[in-house]
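One-letter residues, chain by chain:
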Amino acid sequence: MVPSSFEKLSFLSKFNVAYNKLHGEIPSGGQFSTFPNSSFEGNDLCGDQAKPCSTIHNRHTEPHNKSIRKTGFNDGMAFGFVLGVALFQATSRNCGPFKKLWILLNLPT
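Given the structure is predicted, the values throughout are model-derived calculations rather than measurements. (Residues numbered from 1 in each chain as written. Predicted model: local features only at pLDDT ≥ 70, side-chain atom pairs only at ≥ 80, totals over all residues. Heavy atoms only, no water.)

Participant: Tell me about the overall build of the chain, residues and numbers included.
Facilitator: A count of helices and strands for the chain gives 2 helices and 2 strands. The N-to-C order of helical and strand elements in the chain reads β-β-α-α. Put simply, the chain has 109 residues, and 20% of those count as buried. For the chain, the proportion of contacts with a sequence separation of at least 24, taken over those separated by at least 6, is 22%. Surface summary for the chain: the accessible area is close to 8,200 Å², and the carbon and sulfur share equals 60%. (Helix = DSSP H or I, 4+ residues; strand = E, 2+ residues; numbered from the N terminus. Buried < 20%, exposed > 50% of the residue type's maximum accessible area, 1.4 Å probe, protein only. Contact = heavy atoms within 4.5 Å. Areas by Shrake-Rupley, 256 points an atom, 1.4 Å probe, with all protein chains shown as cover.)

Take a look at the structure:
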């Protein structure tokens with residue numbers, strides 16, 4: 001997100017945040033109207049220099065890559081839990097899906 005406090009800056013001759021994975025609304029005050037549209041391209045930004053902001057667009061929604069990270073984290077936690085239970089069964093009772101692996105690797109039971 002481009003902070004709205006940047007509107008107060010009056011000494012910028014150039015401003016470019018292209019391709020920085022930003023999202024949200026571009027401030028419309030200050031010098032922002034003097035910067036070319038190319039300064040904001042490659043992001044998920046909306047405003048005067050980019051695509052129009054719709055009523056659906058919400059600056060507080062999480063970006064797509066954060067939801068992917070959460071899904072990956074949850075999948076990893078589930079996989080680790082299942083693997084941990086299987087290893088516990090294999091080591092505690094000398095049975096389960098890893099019995100042959102334990103014998104093959106000559107691990108203590």
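Participant: How would you explain the nonpolar core if you had to name every residue and give the values?
Facilitator: Of all hydrophobic cores here, the largest spans 9 residues; its members are Val2, Phe15, Val17, Leu22, Ile26, Phe32, Phe35, Phe40 and Leu45. Apart from the residues lying within four places of it in its own chain, the contact partners of Ile26 are Phe32, Phe40, Leu45, Cys46, Gln49 and Ala50. (Core = buried A, V, L, I, M, F, W, Y, C linked by side-chain atoms within 4.5 Å.)

Participant: Give a description of the side chain of Asn43 that names residues and reports values.
Facilitator: Its place among the elements puts Asn43 in the loop between β1 (23–25) and β2 (44–46). Among the polar contacts listed, one links the side chain of Asn43 to the backbone nitrogen of Leu22, at a separation of 3.0 Å. Beyond its immediate chain neighbours, meaning those up to four positions away, Asn43 contacts Val17, Ala18, Tyr19, Asn20, Lys21 and Leu22. (Polar contact = N/O pair within 3.5 Å; in protein donor to acceptor, adjacent residues only side chain to side chain.)

Participant: So what's going on with the environment of Val2? Which residues, and what values?
Facilitator: Topologically, Val2 is positioned in the segment before β1. Separated by 43 residues in sequence, Val2 and Leu45 place their C-alpha atoms 8.8 Å apart. Leaving out residues up to four positions away in the same chain, Val2 has contacts with Phe15, Val17, Leu22, Glu25, Pro27, Phe32 and Leu45.

Participant: Go over the packing of aromatic side chains, please, and point to the residues and values.
Facilitator: Scanning the entire structure with this criterion turns up 6 aromatic pairs. Each ring, one from Phe6 and one from Phe15, has its centre 6.1 Å from the other, and the planes form 90 degrees; the classification is edge-to-face. According to the relative accessible area criterion, Phe15 is buried, its value standing at 12%. Within the aromatic cluster, the residues linked to one another by ring pairs are Phe6, Phe15, Phe32, Phe35 and Phe40. (Phe/Tyr/Trp six-rings, centres within 6.5 Å; stacked < 30°, edge-to-face > 60°.)

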